[in-house]
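Working through the structure, step by step
So the chains spell out like this:
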Amino acid sequence: MKRITLPHTDIDAPNVVLGLMRIAEKSDDEIRQLVSAARDVGIDFFDHADVYGGALHECERRFSKALSLTASERAAITIQTKVGIVPDGPYFDFSAEHILESVDGSLAALDTDYIDILLLHRPDALAEPEEIARAFDTLHAAGKVRAFGVSNHTPRQIDLLKKYVHQPLVANQLQLSITHAPIIAQGVAGNMADVTQSITLDGGGIVDYCRVNDITIQAWSPFQAGFFTGTFLGSPQYPALNAVLDRLAKEYGVSPIAIATAWITRHPANMQVVLGTTNPDRVRAAAEGSEIPLTRSEWYELFRAAGYSVP
Ligand SMILES: NC(=O)c1ccc[n+]([C@@H]2O[C@H](COP(=O)([O-])OP(=O)(O)OC[C@H]3O[C@@H](n4cnc5c(N)ncnc54)[C@H](OP(=O)(O)O)[C@@H]3O)[C@@H](O)[C@H]2O)c1
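Our subject in this report is the structure included herewith.

Rules used in this analysis
- The numbers attached to residues start from 1 for each chain and follow its sequence in the written order.
- In view of the model being predicted, local features appear only for residues whose pLDDT reaches at least 70, and side-chain atom pairs are presented and counted only at 80 or more, with totals across whole chains, interfaces and linings using the full set of residues.
- The basis for the side-chain values is all heavy atoms of the structure; hydrogens and waters are excluded.
- Only DSSP runs of H or I covering at least 4 residues are called helices, and only runs of E covering at least 2 are called strands; the numbering of each starts at the N terminus.
- Between the two quantities, the radius of gyration covers C-alpha atoms and the globule rule is 2.2 Å times the number of residues to the power 0.38.
- Remark: exposure states derive from per-residue accessible area (1.4 Å probe, protein chains only) relative to the maximum for the residue type, with buried under 20%, exposed over 50%, and partly exposed in between.
- Any two residues having at least one pair of non-hydrogen atoms within 4.5 Å are treated as being in contact.
- Here the accessible surface of atoms and residues is derived via Shrake-Rupley with a 1.4 Å probe, and residues count as covered only by protein chains that are part of the display.
- Counted as positive: Lys and Arg. Counted as negative: Asp and Glu. His and the chain ends are not counted at all.
- By convention, the charge on Lys lies at NZ, on Arg at CZ, on Asp at CG and on Glu at CD.
- Each salt bridge in this description consists of a side-chain nitrogen of Lys or Arg and a carboxyl oxygen of Asp or Glu lying within 4 Å of one another.
- Here a crossover is taken to be right-handed if, once the strands point away from the viewer, the path from the first strand over the helix to the second is traced clockwise.
- Being paired, for any two strands, means DSSP has found at least two bridges between them.
- Being near a molecule or strand, for a residue, comes down to having at least one heavy atom within 4 Å of it.
- For this analysis, a polar contact is any N or O atom pair within 3.5 Å, provided that within protein one partner can donate a hydrogen and the other can accept it, and provided that sequence-adjacent residues contribute only side-chain to side-chain pairs.
- Lys, Arg, Asp and Glu make up the charged group, whereas Ala, Val, Leu, Ile, Met, Phe, Trp, Tyr, Cys and Pro make up the nonpolar group; the residues left over, Gly among them, are polar.
- Within 6.5 Å between ring centres, the rings of Phe, Tyr and Trp (the latter by its six-membered ring) count as paired, and their orientation is classed by plane angle as stacked under 30 degrees, edge-to-face over 60, tilted in between.
- Over a ring means this: the NZ of a Lys or the CZ of an Arg is within 6 Å of the ring centre and within 35 degrees of the ring normal.
- Axis geometry follows a simple rule: fit a line to the C-alpha atoms, using only the stretch in contact for helices, then measure angles between N-to-C directions, giving values from 0 to 180 degrees.
- Grouping buried Ala, Val, Leu, Ile, Met, Phe, Trp, Tyr and Cys residues that are joined through side-chain atoms within 4.5 Å yields what is termed a nonpolar core.

1. Here's the deal with the overall build of the protein chain
A tally of helices and strands in the protein chain yields 12 helices and 12 strands. Relative to the globule expectation of 19 Å for 311 residues, the C-alpha radius of gyration of the protein chain, 19 Å, shows essentially globular dimensions. Referenced to the eigenvectors of the C-alpha coordinate spread, the extents of the protein chain come out at roughly 50 × 45 × 35 Å. Buried residues in the protein chain amount to 55% of all 311 residues. Across the protein chain, the fraction of contacts at a sequence separation of at least 24, relative to all contacts at a separation of at least 6, is 73%. With an accessible surface of roughly 13,600 Å², the protein chain has 51% of that area assigned to carbon and sulfur atoms. Of the charged side chains in the protein chain, 26 are positive and 38 negative, and the gap between their average positions amounts to 5 Å.

2. What to know about the pattern of salt bridges
Applying the stated rule across the entire model yields 13 salt bridges. Between Lys82 and Asp47 there is a salt bridge, with the nearest N and O atoms lying 2.7 Å from each other. Within this pair, whereas Lys82 is found in strand β5 (residues 78–83), its partner Asp47 is found in strand β4 (residues 45–47), the two being separated by 35 residues in sequence. Classification of Lys82 by relative accessible area gives buried; the value is 1%. Across the pair Arg156 and Asp159 runs a salt bridge, and its minimum N-O distance is 2.8 Å. Taken together, the residues span about one helical turn, with Arg156 and Asp159 both in helix α6 (residues 155–164) at a distance of 3 residues.

3. Considerations on the side chain of Thr78
Structurally, Thr78 is set in strand β5. By relative accessible area, which is 9% here, Thr78 ends up buried. What Thr78 contacts, discounting residues up to four positions off in sequence, is Ile11, Asp44, Phe45, Phe46, Asp116 and Ile117.

4. Focus: the pairing of strand β10 (residues 169–175)
Most of β10 is tucked away, with 7 of its 7 residues classed as buried. Considered for its hand, the β-α-β crossover made up of strand β9 (residues 145–151), α6 and β10 is right-handed. Here β10 runs beside strand β11 (residues 216–220); their pairing, made up of 5 bridges, is parallel. In the sheet register, Gln175 faces β11, and the bridge partner there is Trp220.

5. Structural notes on the site of the ligand
Surveying the vicinity of the ligand reveals 27 residues, the closest of which are Arg22, Asp47, Thr277, Thr278 and Arg282. Between the ligand and Gly19, the relevant distance is 3.5 Å, taken from an oxygen atom to a main-chain nitrogen or oxygen of the residue. At 2.5 Å from an oxygen atom of the ligand is found a side-chain nitrogen or oxygen belonging to Thr277. Of the residues assigned to the shell around the ligand, the class counts are 11 nonpolar, 12 polar and 4 charged.

6. Let's talk about the environment of Phe148
The topology assignment puts Phe148 in strand β9. Classification of Phe148 by relative accessible area gives buried; the value is 0%. Those residues in contact with Phe148, other than ones at most four positions away along the chain, are Ile117, Leu118, Phe136, Leu139, His140, Gln167, Pro168, Leu169, Val170 and Ala171.

7. Some points on the packing of aromatic side chains
In total, this model carries 11 aromatic pairs according to the counting rule given. Seen from their ring centres, Trp299 and Tyr300 are 5.0 Å apart, and the 85° between their planes marks the pair as edge-to-face. Judged by its relative accessible area of 36%, Tyr300 is partly exposed. Ring-pair connections join several aromatic residues into one group, and the members of that group are Trp263, Trp299, Tyr300, Phe303 and Tyr308. Here Arg146 stacks its cationic end above the ring of Tyr114, 3.7 Å away from the centre of that ring.

8. A short note on the sheet that holds β10
Read around the closed barrel, the 8 strands follow the order β3-β4-β5-β8-β9-β10-β11-β12; overall the barrel is parallel. Averaged over all adjacent pairs, the angle separating strand axes in this sheet is 30°, with direction ignored. Contacts from helix α4 (residues 96–110) reach β5, β8 (115–120) and β9, with the element oriented near 140° to β8.

9. What to know about the nonpolar core
The biggest cluster of nonpolar side chains holds 88 residues, and the ones touching the most others in it are Phe63, Leu118, Trp263 and Leu302. Other than its neighbours up to four places away in sequence, Trp263 contacts Leu176, Ser177, Ile178, Ala181, Ile184, Leu294, Trp299, Leu302 and Phe303. Among the nonpolar cores identified, the runner-up in size contains 12 residues, and Ile11, Ala13, Ile117 and Ala147 belong to it.

10. Considerations on the pairing of strand β3 (residues 16–19)
Of the two faces of β3, the one holding Val16 and Leu18 and the one holding Val17 and Gly19 are both buried throughout. Relative to strand β12 (residues 272–275), β3 runs parallel, the two sharing 3 bridges. Note on β12: the bridge partner recorded for Val17 is Val274. As defined by bridge partners, β3 adjoins β4 across 2 bridges and the pair is classed as parallel. When the sheet's bridge partners are listed, Leu18 is paired in β4 with Phe46. For the handedness criterion, the β-α-β arrangement of β3, helix α1 (residues 28–40) and β4 is classed as right-handed.

Now the structure itself:
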């Protein structure tokens, strides 16, 4: 498993991590088997959010209850969680009051004294960066949060935060899979007239922006075709892509899911892939994509087979 020191931190992290968004219905035993499979292949980085699981903090609670971590077991892993989505309204809330209250809820649910990384989950149009900065300072000074980042943020939104927030922003979690790759595909088709792919959906250049600013991109929904539309792996809707995935999987002696993982890890931005599967076998198989050195031809072949154009 390839590991990276997250820039601006002393966090040594694998480039494939486990997201716990889908564990609410799983038994304690199934959660233990899932986490154990992850640990066995070198995944010691776990991604949560206050909203995962329906009821507030449900997945965080299910995780800590199933694992009952000792202090040394807790210290051996990196726990990341998120704040800012309030599904029942007001939808997005980056007020200091909400951030502080939610982090206290996450600490209690996760049964821990500190969160390694806290991400602002989805941009709040009413965000007041001075207030966010105040909340971050309070959390950092109290030792409740060690590092901060964002998710689904555009370059300009990050610039605005950076103007006020005192701590470095270390991560930006973004939706990215071979079939949902506008953040990469736009750059490939930049300035091409009449090519839909050249339209910016993210304020422009978020991948390069993160690289310039040493912000680690974390790819969420790495195997979903679109926005929670089901996986492209084995899907009859993607025959060309699956043919290439299957062929490369045979050539490298791994499963297609490892090749889909490698399509992301092969990108030079040192991204982290956030797995969402609750199946231990799939975790093991995906982890094999951590270091597969796809050639440029193979990488672009996958990109084109997913439907993207190369000018
Ligand atoms: N920041 C954000 O806004 C945001 C948004 C969404 C998610 N996330 C994070 O990203 C993580 C991953 O998201 P995700 O769960 O949508 O990602 P994913 O890994 O692309 O999708 C996993 C889902 O696909 C299913 N699946 C079906 N067939 C599969 C196959 N052949 N291979 C792999 N999976 C298959 C899995 O079922 P099984 O469980 O049965 O394998 C699971 O329900 C989440 O856990 C969360 O931590 C962040």
